[in-house]
Amino acid sequence: MPANLPPEYFKAEQRYLQAKTLEEKIRATEELIRIAPKHKGTEKLLRMLKRRLAKLRGELEERERRRGGRGPSFAVKKEGCAQVALVGLPNSGKSTLLRKLTAARPEVADYPFTTRLPVPGMMEYEDVQVQLVEIPALVEGSSLGRGLGAQPLSAARNADAIALVVDASSDPQRQLEILVRELEEGGIRLNRSPPRVTIQRREEGGIVLRGEELVEGGREGILELLREHRIHNALVVVEERVDLRTLEELLEGSVVYRPCFVLLTKTDLSPGTAGGLGPFRVIDAGRPPEELKREIFRSLGLIRVYTKKPNEEPSREPLVLPRGSTPRDVARAIHKELERELRAVRVWGSTRFPGQWVPRDYPLQDGDVVELHT
Ligand SMILES: Nc1nc2c(ncn2[C@@H]2O[C@H](COP(=O)(O)OP(=O)(O)OP(=O)(O)O)[C@@H](O)[C@H]2O)c(=O)[nH]1
Ligand SMILES: [Mg+2]
């Protein structure tokens with residue numbers, strides 16, 4: 001099928017060819033992707049462009065890592081049960097929040113880019129510890145290396161969850177849009193589950209496909225994509241509708257999927273703003289610290305589970321597991337063998353009766369006490 005490219009496309013291509021800097025090349029490639037019509041005849045072209053874009057962005061990130069020579073300080077070692085990135089525009093109140101919720105003492109000032117390196121702090125909430133990390137401010141174009149460069153985005157990618165810090169007093173919806181766009185461009189997908197596709201590379205046996213009819217581009221498209229990535233032996237199982245671009249992201253590991261919520265700051269200056277903000281869960285950051293901590297913990301999609309042995313007290317330290325976890329998951333978290341040996345389970349907390357016997361796939365709730373019998 002012919003591509004039928006419009007004249008603007010060729011003009012933009014000219015700009016790409018004449019681009020001298022990485023940033024210019026990235027901008028021109030983005031433009032090409034935007035201009036190119038989206039249909040069967042341009043599928044290959046679009047994929048080539050997107051691959052080029054990913055490569056250019058990678059180069060930009062790499063260059064900044066080297067140029068700054070401060071690579072290590074941008075990486076924050078994970079501690080506690082989860083790492084949450086505080087991500088926001090300059091001056092949105094990230095440092096103020098970190099000071100409110102942790103013992104960290106980053107500088108607070110009313111000029112932009114006060115915080116230039118990620119600052120970690122430990123948020124103690126009841127009996128769990130959640131690590132908050134202030135990420136140096138994002139701006140429109142961070143994914144292109146503007147502002148403080150692409151490093152803040154890489155630091156955010158590393159976290160287990162994203163808290164969007166939004167200043168209620170200055171067009172919060174617009175801030176939210178910028179943040180979401182930059183994170184998406186930086187390969188961070190917010191509040192979406194990863195596509196149900198597994199690609200298992202193998203030593204031999206050629207390419208085996210299951211569910212290929214769900215892939216836009218079909219069998220041929222998948223085979224070509226695998227060939228381009230020099231994958232000759234693999235089992236590919238597709239369980240939901242996806243396009244080739246998504247498959248490619250999966251192959252390259254270029255995107256991550258993270259839970260996300262909004263912390264709305266400066267609501268004292270602009271009360272009543274929270275209502276209209278979408279599409280994420282919004283928490284008023286002006287609430288008292290203990291309430292705020294509880295809301296943050298709830299937004300992480302985690303539950304605390306206490307284990308006990310028969311006739312003994314429950315453990316003091318909870319296991320922190322994803323919401324929806326079952327006694328089976330608890331057993332596995334303790335020991336692989338234990339899951340196999342698990343015969344019966346009693347639960348205190350979310351059950352109708354204390355110490356009720358439940359199935360091994362019973363959905364546990366935050367705060368449940370679990371007694372495992374083998
Ligand atoms: N009225 C009001 N002012 C706030 C609030 N939170 C932060 N500020 C002010 O906003 C300014 C910026 O706060 P910071 O916490 O330094 O903001 P930041 O997001 O860390 O800024 P950068 O590190 O520069 O990106 C400071 O003058 C704060 O005092 C708030 O809830 N209410
Ligand atoms: Mg700051």
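Throughout this description, residue numbers start from 1 for each chain and increase along the sequence as written. Think of it this way: whatever chain is written first is A, whatever ligand is written first is 1, and the rest follow in order. Per-residue local features of the predicted model are confined to residues with pLDDT of at least 70, and side-chain atom pairs are confined, for both listing and counting, to 80 or more; whole-chain, interface and lining totals are unaffected and use all residues. Calculation of side-chain values draws on the structure's entire complement of heavy atoms; hydrogens and water are dropped beforehand.

Asker: Can you tell me about the side chain of Lys293, naming the residues and giving the values?
Answerer: Counting from the N terminus, the helices are DSSP H or I runs at least four residues long and the strands are E runs at least two residues long. With respect to the element layout, Lys293 can be found in helix α10 (residues 289–299). Should any heavy atoms of two residues lie within 4.5 Å, those residues are considered in contact. In contact with Lys293, other than residues within four places in its own chain, are Leu101, Met123, Glu124 and Tyr125.

Asker: Help me get a handle on the coordination of the magnesium ion (ligand 2), residues and values and all.
Answerer: The donor set covers N, O and S atoms within 2.8 Å of the metal, switching to 3.2 Å for Na, K and Ca, and it leaves out water, so a site may look short of donors. Within the protein, the magnesium ion (ligand 2) binds to Ser95 (OG), Thr115 (OG1) and Glu134 (OE); these donor distances fall in the range 2.0 to 2.2 Å. The sequence pattern formed by the donor residues of the magnesium ion (ligand 2) is S-x19-T-x18-E. Note that Ser95 is positioned in helix α5 (residues 94–101) and Thr115 in the loop between α5 and β2 (119–125), a separation of 20 residues in sequence. Working definition: with a 1.4 Å probe on protein chains only, accessible area under 20% of the residue-type maximum means buried, over 50% means exposed, and in between means partly exposed. Given a relative accessible area of 7%, Ser95 falls into the buried group.

Asker: For the site of ligand 1, give the residues involved together with the corresponding values.
Answerer: The local shell around ligand 1 holds 20 residues, among which Lys94, Ser95, Thr96, Thr114 and Thr115 are the closest. A distance of 2.9 Å separates an oxygen atom of ligand 1 from a polar atom in the side chain of Thr115. Working definition of accessibility: Shrake-Rupley area with a 1.4 Å probe, residue cover restricted to the visible protein chains. Alone, ligand 1 offers 650 Å² of accessible surface; in the complex the protein occludes 80% of this. A class-by-class count of the residues in the shell around ligand 1 yields 8 nonpolar, 7 polar and 5 charged. Only a single heavy atom is needed: when it lies within 4 Å of a molecule or strand, its residue is near that molecule or strand. Under the rule applied, a polar contact is a pair of N or O atoms within 3.5 Å (in protein, one hydrogen donor and one hydrogen acceptor; residues adjacent in sequence only if both atoms are side-chain atoms). Polar here means any residue other than Ala, Val, Leu, Ile, Met, Phe, Trp, Tyr, Cys and Pro, which are nonpolar, and Asp, Glu, Lys and Arg, which are charged; Gly is therefore polar.

Asker: Please set out unusual backbone geometry residue by residue, giving values where relevant.
Answerer: In terms of backbone geometry, most residues other than glycine have negative phi values and most peptide bonds are trans. With a phi angle near 40°, Asp171 is a residue other than glycine that sits in the positive phi range. Considering the arrangement of structural elements, one finds Asp171 in the loop between β4 (161–167) and α7 (172–185). A positive phi angle is found at Asn191, which is not glycine, with a value near 50°. Within the element layout of this structure, Asn191 appears in the loop between β5 (188–190) and β6 (197–201). For Asn191, a relative accessible area of 43% gives the class partly exposed.

Asker: I'd like to hear about α5, residue by residue, with values.
Answerer: Three or more residues of α5 are buried, namely Lys94, Ser95, Leu97, Leu98 and Leu101. Along the long axis of α5, the arc covered by the buried residues comes to 160°, so they all point the same way. In this description, one arc is meant: the one made by directions from the helix axis to the C-beta atoms.

Asker: Lay out the sheet that holds β2 in plain terms, naming residues and giving numbers.
Answerer: Across a sheet, strands are paired by hydrogen bonds formed along the backbone, either parallel or antiparallel in direction. Strand pairing follows a simple DSSP-based rule, namely that at least 2 bridges must link the two strands. In space, the 6 strands of this open sheet follow the order β2-β3-β1-β4-β12-β13, with mixed pairing throughout. Strand pairing shows two members of the sheet lacking a second neighbour, β2 and β13 (282–284), which therefore form its edges. Geometrically, the sheet is characterised by an average inter-axis angle of 30° between neighbouring strands, direction not taken into account. Sheet topology note: the strand β1 (residues 83–88)/β4 ladder contains 5 bridges and is parallel. For Val87, the partnering residue across the bridge sits in β4 and is Leu164. Angles shown run from 0 to 180 degrees and are taken between the N-to-C directions of axes, each axis being a line fitted to C-alpha atoms and, for helices, limited to the stretch in contact.

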